[in-house]
Amino acid sequence: MNQYSELKKALHPYFGWHGARVSFLALFLLALLKVKTVNLSELALGFEGKAKPESNYKRLQRFFRGFDLNYEAIAKIVVSWMKIPEPWVLSIDRTNWQLGKHVYNILTLGIVHEGVAFPVWWWLLEKKGNSNSDERMRFIEEFYRLFPEAEIACICGVRVAWPKANREFIGQAWVRYLLLEPKMPFRLRIRESDKIQRQGQPLAARVVFAHLKKGESQRLQGVCRVWGYPVAVEALRLEDGKLLVVIAPTDASEGIISDYAQRWGIETLFGIFKTRGFCLESTHLTDPQRLRKLFALLTLALCWSMRMGLFLHQLRPLTLKKHGRRAKSLFRLGFDHLRHLVLHPQSFHPFDFRHSLQFLSCT
């Protein structure tokens, strides 16, 4: 049995798709490992079988044009494959780029695990600029509908990057929503110019924390108010001299800044999907629904690569560099190994590829 047949067999139990659709998914994942790009012309060259590249290209077009994906099922497969323990840290952000006059803008909610935010929900924003509070609130509602019993440690988000005239209103709406019952614990960055009220006149964050030196952090004692709401506030003076200020619910435990640092898992995700992995920016798909399908397929490839990387790291731990980070990311470790298996099958025992398929399992 060849790799395509074995992968198709492994995928079939988790997707309620017609056999031809599962066949396509298996071919897509193997082609992605070979060519390292989502450009359809390149992917068509990586498809196995006797069909000509032109036929494979048309098959790719038909899938993205005509097949509806169940994104709720994809989200649950992601959680099952990755075996993400609760409580979950959520990270929400968007990635954007431009091709000619077309602007790509993808709002994503992910669960942070092993330094990567694994996507469980994503939308294509048909506009330039940031998401608004209404869009983020709807995102959270969708998440709760998908995982109503999930235990959440916190949701991390970037500061509100809106014009000064609108920023306070936008921030108020978002924080007010997160404080509603049932509360969603949060770690949100605010600007140095946003005002913090303790006693007396509200002061800009840069004034409150002006005494901090590089590398120093401080959590303000007692309850503070930002945008009129009671919150806990902690700040850190970064090495570049800028001030990182994070707010959280008043009952937040120690380590607000370290909790917020997990937000960077979503930046790692976007790096994997783009320049450090799948070259998402090379796609010429512009239809939002087609691009959303592509994002789903990349999420499955991410999970497979990460599970492979985690296994290899357990067998032979990655070395640490002087700065304390691993010499290679877990994604890169797993992705490169899978690519080697697919590109050079003659160099491995058939069991090696079968073993990699065990990570596409919910048990």
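Residues numbered from 1 in each chain as written. Predicted model: local features only at pLDDT ≥ 70, side-chain atom pairs only at ≥ 80, totals over all residues. Heavy atoms only, no water.

1. Quick notes on the confidence of the model for the chain
Per-residue pLDDT for the chain averages 90, and the proportion of residues at 70 or more is 94%. Every residue in residues 160-169 scores below 50 in pLDDT, and together they form 17 contacts with partners more than four places removed in sequence or on other chains. (pLDDT = per-residue confidence, 0-100. Contact = heavy atoms within 4.5 Å.)

2. Some thoughts on the pairing of strand β4 (residues 152-157)
Counting buried positions along β4 gives five out of six residues, so the element sits mostly inside the fold. Pairing between strand β1 (residues 88-99) and β4: five bridges, direction parallel. Across the sheet, the residue bridging to V89 is C154, located in β4. Looking at chain direction, β4 and strand β5 (residues 186-190) are connected through three bridges and run parallel. Bridge assignment links I155 to a residue of β5, and that residue is F186. (Buried < 20%, exposed > 50% of the residue type's maximum accessible area, 1.4 Å probe, protein only. Helix = DSSP H or I, 4+ residues; strand = E, 2+ residues; numbered from the N terminus. Pairing = 2+ DSSP bridges.)

3. Section: the packing of helix α10 (residues 264-273) against helix α11 (residues 288-315)
The N-to-C vectors of α10 and α11 enclose an angle of 105 degrees; their axes lie 11 Å apart at closest approach. Here α10 lies roughly perpendicular to α11, going by the angle between them. Every residue of α11 that contacts α10 at L269, I272 and F273 is listed here: F295, L298, T299 and L302. The class makeup of the residues in the contact of α10 with α11 is six nonpolar, one polar and no charged. (Axes fitted to C-alpha atoms, helices over the stretch in contact; angles between N-to-C directions. Parallel < 35°, antiparallel > 145°, perpendicular 65-115°, else oblique. Nonpolar A, V, L, I, M, F, W, Y, C, P; charged D, E, K, R; others polar.)

4. Examining the side chain of D194
Structurally, D194 is set in the loop between β5 and β6 (195-197). Residue classification places D194 among the buried residues on the basis of a relative accessible area of 7%. Reaching out from D194, the side chain makes a polar contact with the backbone nitrogen of R191 at a distance of 2.8 Å. (Polar contact = N/O pair within 3.5 Å; in protein donor to acceptor, adjacent residues only side chain to side chain.)

5. Observations regarding the pattern of salt bridges
Tallied over the entire structure, the rule returns eleven salt bridges. As a salt-bridge pair, R354 and E6 come within 2.9 Å of each other at their nearest N and O atoms. Of this pair, R354 sits in helix α13 (residues 350-357) while E6 sits in helix α1 (residues 3-11), placing them 348 residues apart in sequence. Each of E72, E142 and R145 takes part in one network of salt bridges that share partners. (Salt bridge = Lys/Arg side-chain N within 4 Å of Asp/Glu carboxyl O.)

6. A short note on α13
Those residues of α13 not exposed but buried are F353, H355, S356 and L357. At its buried positions, α13 is contacted by α1, α2 (19-35), α11 and α12 (330-343).

7. Side note on the side chain of S91
Note that S91 resides in strand β1. Discounting residues that sit within four places of it in the chain, S91 has contacts with T108, L109, G110, V112, A117, C156, R263 and I266.

8. Concerning unusual backbone geometry
For residues besides glycine, phi is generally negative; the peptide bonds are generally trans as well. In this model, E86 is joined to P87 through a cis peptide bond whose omega is 0 degrees. Along the polypeptide, P87 turns up in the loop between α5 (71-82) and β1. The phi torsion at K36 lies on the positive side, around 60 degrees, for a residue other than glycine. Relative to the assigned elements, K36 resides in the loop between α2 and α3 (40-46). Non-glycine residue W227 carries a positive phi angle of around 55 degrees.

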